[in-house]
Number of protein chains: 2
Amino acid sequence: MSTFNAHDIAKAAKHAFQDAQLISASERVKALHEIWKSLQTNKAEILQANQEDLKAAEIEVKAGDMSESLLKRLDLNKGDKWDSMLQGILDVAALPDPTGSVSYASELDDGLELYRVACPIGVLLVIFEARPEVVVNIASLAIKSGNAAILKGGKESNRTTTLLAKSISEGLARTAIPELYVQSIQTRAEVSSLLELDDYIDLVIPRGSNSLVKNIQNNTRIPVMGHADGLCSVFIDQQADTTKAVRVVLDSKIDYPAACNSVENLILHESTVHTVWPPVAKALLEANVKLLCDSGSLNALKVLSPQPPHMETLVAPSEPSSYDTEHLNLTLSVIVLPSLQSAIQFINTHSSHHTDSIVTESDEAASIFCRGVDSAGTYVNASTRFADGFRYGFGTEVGISTGRIHARGPVGLDGLVTYKYMMKSKAPSAHVVGDFGTGKKQYKHRALHAAAVPFLK
Amino acid sequence: MSTFNAHDIAKAAKHAFQDAQLISASERVKALHEIWKSLQTNKAEILQANQEDLKAAEIEVKAGDMSESLLKRLDLNKGDKWDSMLQGILDVAALPDPTGSVSYASELDDGLELYRVACPIGVLLVIFEARPEVVVNIASLAIKSGNAAILKGGKESNRTTTLLAKSISEGLARTAIPELYVQSIQTRAEVSSLLELDDYIDLVIPRGSNSLVKNIQNNTRIPVMGHADGLCSVFIDQQADTTKAVRVVLDSKIDYPAACNSVENLILHESTVHTVWPPVAKALLEANVKLLCDSGSLNALKVLSPQPPHMETLVAPSEPSSYDTEHLNLTLSVIVLPSLQSAIQFINTHSSHHTDSIVTESDEAASIFCRGVDSAGTYVNASTRFADGFRYGFGTEVGISTGRIHARGPVGLDGLVTYKYMMKSKAPSAHVVGDFGTGKKQYKHRALHAAAVPFLK
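Basis of the calculations
Counting of residues starts from 1 at the beginning of each chain's written sequence and follows it residue by residue. Chains carry letters and ligands carry numbers; both start at the beginning, A for chains and 1 for ligands, and go up in the order they are written. With pLDDT at 70 or above as the cut-off, local features in this predicted model cover only qualifying residues; side-chain atom pairs require 80 or more to be listed or tallied, and sums for whole chains, interfaces and linings still use all residues. Excluding hydrogens and water, the side-chain values take into account all heavy atoms of the structure. Only strands joined by at least two bridges in the DSSP assignment are considered to pair. We count a stretch as a helix when DSSP gives it H or I for four or more residues in a row; a strand needs E for two or more, and each element gets its number in order from the N terminus. Here, axes are lines fitted to C-alpha atoms. For helices the fit covers the stretch in contact, and angles between N-to-C directions go from 0 to 180 degrees. Here, two residues are considered to be in contact whenever any of their heavy atoms come within 4.5 Å of each other. Here the buried area means the combined drop in accessible surface, using a 1.4 Å probe, for two parts upon being joined, counting both sides. The term salt bridge refers to a pairing of a side-chain nitrogen on Lys or Arg with a carboxyl oxygen on Asp or Glu at a separation within 4 Å. Here a polar contact is taken to be a pair of N or O atoms separated by no more than 3.5 Å, where protein atoms must pair a possible hydrogen donor with a possible acceptor and residues adjacent in sequence count only if both atoms sit in side chains. Here the nonpolar group is Ala, Val, Leu, Ile, Met, Phe, Trp, Tyr, Cys and Pro; Asp, Glu, Lys and Arg are the charged ones; every other residue, Gly included, is treated as polar. In this document the domain limits rely on a domain assignment from an automatic tool or a database. Think of it in three bands: residues with accessible area under 20% of the maximum for their type are buried, residues over 50% are exposed, and the middle band is partly exposed, with areas taken using a 1.4 Å probe on protein chains only. Classification remark: right-handed applies to a crossover when, strands pointing away from the viewer, the course from the first strand over the helix to the second runs clockwise. Copies overlap after least-squares fitting; the atoms used are the C-alpha atoms of residues with pLDDT of at least 70 in both.

**Q** So what exactly am I meant to see when it comes to the sheet that holds strand S3 (residues 123-128) of chain B here?
**A** Backbone-to-backbone hydrogen bonds join strands into a sheet, with any given pair of strands oriented parallel or antiparallel. All names here are of chain B. Taking strand neighbours across the sheet as the criterion, the four strands line up as S5-S4-S3-S6 in an open arrangement whose pairing is parallel. Of all strands in the sheet, those bounded by a partner on one side alone are strand S5 (182-185) and strand S6 (203-207). Strand-to-strand, the axes of this sheet are offset by a mean angle of 20°, without reference to chain direction. In the sheet, S3 pairs with S6 via five bridges, with the strands oriented parallel. When the sheet's bridge partners are listed, Leu 124 is paired in S6 with Leu 203. Along the sheet, helix H9 (residues 210-217) makes contact with S3 and S6, crossing S6 at roughly 160°.

As C-alpha cells, then:
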C-alpha cells in the first residue's frame, strides 16, 4: 500500500486521539463493555474465520513454510482462549483509571498553582505476530488509557484479526469515542511507511520475535517499547542454600523454557562446584536439561560417583558464544567464577539486562548483587520467571521492556501514560515571569497535596 | 579520531558506571565538593584559557564565521558567571538524592517482597554548544544522580572545557568514584561514532540549536532527551480579561525572546478583535514587537483611530508559514479563529507541543483548553515563560523535553534516573513460579509501604 495511505491512517489516528481528549474515563470503560458485547454477538463468525486462517496455516506448516508453534498460537478456539480474551476486556475495564492522577503539585506563588498530571501518550503503533487475541488485548489497554492505536497483526491471522477489529469498531460506534480511534492495517509496506511518521505516531510497541523488535528499532526515530532479548542468569553464591539453589535454578529453566524470563546462564561461585552444583546438575539432568559446561563445572561432574543421569547425552563443553545465547529451550550454559564481583561483571557483560537472580543466605551478598547488577530485575532466592506484569500485581501486562527509560521490566497500564503540566493563575492580573527576580517577587514553591487537578471539569 | 577510540571511551564509561554502583550517595556529594575545590584552585588558569578561546572567537566573528551571540555565551568571566557556576555545584550537591526511593512495593506472597526503586540510567552522552559552564553543570547533575557521562562541548570553547574537565577529574581522583566516570571528547567524528554505540550509551542529551538536536535524533538508535523546537502559543479567549491578556502576551513575548518558552503564535477569538486585541497590539508595538497579522487581526488595527504606534514599520501581513516559524526574536504571528475548539486544533497542528496558554475568565474554557491542548505545559492566565525547571521548583534544570515519554517539559534531576525492580524471598525454600496456579498457591499482592528497599545495605 502506498505512503499516501499510511499518512492518512496516521493523521486520522492523531486526530482521533486529539478529538477524544475531553471524553471521560467512564465513557472509555463503557466502550470496553460495548466491544465485549460486539465480540459475543459476532463469536460464531469470528471463530469461523479463525478456522479458515488455521486451515491455510496448516497447509503452510505441511509445506515447511510455518512453524508448528506459530500454528498453535493462531487457534482462538483452543481451551479457554476465547473466554479469557473476553474476560481480559472486563478485567482491563475494572482497573483503576491510569490517567488524571497528580504526581507533583506546587504553588509557585500565591495563586499560581502547578500540577503534573498523568495523561495518555498519543498514538500507539502496535505490531505483533500470530496470536490474534493480542488485537483485543491491546485495543482494550489503549482505550482504557486514552491512547489511539494502529494495530498490525501477522498475515497468517488476517481473516481473524479483520473480524476482531470490525467488532471493536462496532463497539466504539455505540460510544462518543471517534470511529478511527483503533485502526488495523494489514501489510508490511504500511508498517514501513508508518515508522517514518514521527509527527503522528508517538510510541511503537512490537510484540514478537527478536528479529521483529530489532528490525523495528533499526528503522524508526519513534520511541520503541519492547524487549529484543531475554538472557537471564542465576548466580549460586558462596553462601547458597542447596535446596533453594535446586528449586530456583530448576524453576527458572523448566517452568516455561521458551519465555524471555527463563534462565540461560548459570554462574557458580567456585566454592560451590563440589557442594551445591552436583545436586543442581542432577535435578537439571533428570528434567532433561542440556548443560553446556565450562571446564570447572564439567570436571566437577566427571569426578562424581555415581555419575549423574544422562551425562553422556546431555552434558557438553560450552563455547565462548554459549554465554551470549538465548537458548529458549531446555539448554543451560554453566560457568564457574571466583567471586561475587566477577559474577556481577559477567552478568553485566553477557546478560540482556532483563532479570537476574542470586541464591544466597548472605544479606551482604544479596545487597551487593541487587545494587551491582544493572538489570530491570534483580532477585534474591527467587526464580527469574517471576518477571511478569500479572505476577508483579499490575493486573495486566503491556509487555516487558529492556529499555531503560520510560518503562523498564514488566509494564502495566502505567507504561501507556505520560504526564503534562497544567498551571493556573488565580491572581487579579494574571502571572508573568517579569514580576520575579532580584529586588522583585521570589518563587514560593509550596508543596500542594492534590490527587487530581482541581480546576479540571 | 577513529571508531576504535570512541568504542574505548564508551566502554570505559560503561565500566565506570557499573563499578560505581556500590558507591554511596554521600560519596557522590563529596565528589561535588572536591570538584568545587579543584575549580577554585585552578580558577586563574581556566579563565586564562577562556580568554584565549575568546580571542580566537573574536577573530572568527570578525571574519563572519561565528555569531556575536555565540561569542557572548563563551565568556566565563562575564558578570557573576564563574561564581554562579560554582554555586550551582553546591546547589546540586544539596538537592535530595534522586536515587534509592521506592515508587512501588508489594508482597507477592508471604515472604516474597517486590520493590521498584529509583536508580541511575547509565551512561549519558551530553553534546552542547558554546557555553563552557555546561560541562560543570552537567557533570554535577550526572554525578549527583549516579550516571557516568561523556561530554562534548563546542570546538570554540575547547581550551576552556579541557581545563574544566581536568578540574573535574582532579576532584573525582580524591574520591572513590572511578576516574573515567566523567570523560570529555573534542571532535565531531567521535560524536558520530559514539551515537552508534547503543550497547554502552543509554541516553543522549543535546543542548543547543534545533539543527544540532534534529541531526542527533536522525543519527542514533539511543534515546534522545531534548527539545528541537519551542513554538508556543497564547490564545485570547472570548471571556479574556484585557489586563491579563496584555500582561500575559507581553511577558510571553518580550521577557526573553530568544528562549524556547517565548510565545510565537497569538490566537484571537474572533469576538476579541475589536475589544481585547487593540490594547494588546498597542502594548506589543510600544515594545517594538513586529506583528505578522492575518486579515482579521490586521483589519481590526487599521480601523483604529488613532492608529497604534509603528503601524507602518512593525505590522505586516502574515503568510501561511508564519504560524510554523519559531521567530526567537521580537516577532509575533497573529491569527483570528472562530472558537475555542478551532484554537485547540490550530495549536495541536502548529505548536511544538511545548507550552501553550489561554487567557480566560471561564472555568469551563480553561478546563477544555488544558485537557484538549496536547502539550507538555497548558497554562491559564500565566506567561509561557514559566516553563522552566527552576521556576517549577526542581532546584536545577537538566533541560526541557518535547519528547512524550520518560521526561516531558522542564526536566529536573528526576529526568536522569530510571528504576529497577528488586525482589527477595524470605521463604525457607525460596520462591518459584511453579508453586502458583490453578489448584496451587495464589498471588497475594499486598501493598507494602516502604520509602527505601529494606534489604539494601
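**Q** How do you make sense of the interface of chain B and chain A when you look at a structure like this?
**A** When the parts of a complex come together, some accessible area is lost, and that lost area is often taken as the interface size. Between chain B and chain A, the contact holds 83 residues from the first and 83 residues from the second. If you sort the residues of chain B by the area they bury against chain A, Arg 371, Ile 405 and Tyr 421 of chain B come out on top, with a joint share of 10%. There are six salt bridges connecting chain B and chain A. Here Lys 424 of chain B ties to Asp 363 of chain A by a salt bridge, and the two come within 3.3 Å at their closest N and O atoms. Between chain B and chain A we count 54 residue pairs in polar contact (both at pLDDT 80 or more) in total. Split by residue class, the side of chain B that touches chain A holds 40 nonpolar, 23 polar and 20 charged. By the bridge criterion, four bridges tie strand S13 (residues 377-380) of chain A to strand S16 (residues 417-425) of chain B in an arrangement that is parallel. Across the sheet, Tyr 379 of chain A pairs through a bridge with Met 423 of chain B, a residue of S16 of chain B.

**Q** I keep staring at the environment of Ile 9 of chain A and nothing clicks. Help me out?
**A** Residues and elements named next belong to chain A. Its location among the elements puts Ile 9 in helix H1 (residues 3-19). Each C-alpha atom, one on Ile 9 and one on Leu 108, is 42 Å from the other, the two residues being 99 residues apart in sequence. Aside from chain neighbours lying at most four places away, what touches Ile 9 is Ile 150, Gln 183, Ile 185 and Glu 190.

**Q** For this particular structure, what's the right way to read the domain arrangement of chain A?
**A** Assigned domains of chain A: these are domain 1 (3-217) and domain 2 (232-393). If you average the C-alpha positions of domain 1 of chain A and of domain 2 of chain A, the two centres end up 37 Å apart.

**Q** Got a minute to help me understand the sheet that holds strand S17 (residues 446-447) of chain A in this structure?
**A** Reading across the sheet, the eleven strands line up as S17(A)-S1(A)-S2(A)-S16(A)-S13(B)-S12(B)-S7(B)-S8(B)-S11(B)-S9(B)-S10(B) and stay open at both edges, with mixed pairing between neighbours. In this open sheet, the two strands that pair with only one neighbour each are S17 of chain A together with strand S10 (315-317) of chain B. Across three bridges, strand S9 (residues 290-293) of chain B lies against S10 of chain B in parallel orientation. Of the residues in S10 of chain B, the one forming a bridge with Leu 291 of chain B is Val 315 of chain B.

**Q** It is not clear to me how the pairing of strand S4 (residues 148-152) of chain A should be interpreted in this structure. Could you clarify?
**A** Residue and element names in this part refer to chain A. With five of its five residues buried, S4 lies for the most part within the structure. Residues of S4 alternate between two faces, with Ala 148, Ile 150 and Lys 152 on one and Ala 149 and Leu 151 on the opposite face, all of them buried. As paired elements, strand S3 (residues 123-128) and S4 share five bridges and run parallel to each other. When the sheet's bridge partners are listed, Val 126 is paired in S4 with Leu 151. This β-α-β element, S3 to helix H6 (residues 133-145) to S4, shows right-handed connectivity. Pairing analysis gives four bridges linking S4 to strand S5 (residues 182-185), with the strands arranged parallel.

**Q** What's the story with the environment of Asp 75 of chain B in this structure? I'm lost.
**A** Residue and element names in this part refer to chain B. In this structure, Asp 75 sits in the loop between helix H4 (68-74) and helix H5 (81-94). On the basis of relative accessible area, Asp 75 is assigned to the buried category, the value being 18%. Remark: the alpha-carbon pair of Asp 75 and Leu 54, spanning 21 residues in sequence, is separated by 6.8 Å.

**Q** Got a minute to help me understand the pattern of salt bridges in this structure?
**A** Oppositely charged side chains can form a pair if their charged atoms are brought close together. By the definition in use, this model includes 54 salt bridges over all chains. Asp 202 of chain B is paired through a salt bridge with Lys 14 of chain B; the nearest N and O atoms lie 2.8 Å apart. Separated by 188 residues along the polypeptide, Asp 202 of chain B in the loop between helix H8 (188-194) and S6 and Lys 14 of chain B in helix H1 (residues 3-19) bring together distant segments of the chain. Looking at Asp 202 of chain B, the relative accessible area reads 7%, which means it is buried. Counted as one network, the salt bridges with shared partners bring together Glu 107, Asp 109, Asp 110, Lys 441, Lys 444 and Arg 446 of chain A.

**Q** Looking at this model, I keep getting lost on the relation of the copies chain B and chain A. Mind explaining?
**A** The pair of chain copies shares a relation made of a rotation about an axis and a shift along it. If you rotate chain B by 180° and push it 0.0 Å along the axis, it lands on chain A with an RMSD of 0.1 Å. What the rotation and shift describe, once combined, is the action of a two-fold rotation axis. It is His 406 of chain B whose C-alpha, among those of chain B, lies nearest the rotation axis, at 1.9 Å. A high fraction, 100%, of the interface residues of chain B reappear at the interface in chain A, so the copies pair face to face through one surface.

**Q** Teacher, can you tell me more about unusual backbone geometry here?
**A** Leaving glycine out, the prevailing phi sign among residues is negative, and the prevailing peptide bond configuration is trans. Residues and elements named next belong to chain A. Here the bond from Ser 305 into Pro 306 is cis, since omega is 0°, no more than 30 degrees from zero. Take Pro 306: it is sitting in the loop between helix H12 (295-302) and helix H13 (311-314). Located in the positive-phi region is Asn 381, a residue other than glycine, with phi close to 55°. Within the secondary structure layout, Asn 381 lies in the loop between S13 and helix H16 (389-392). Owing to a relative accessible area of 3%, Asn 381 belongs among the buried residues under this scheme.

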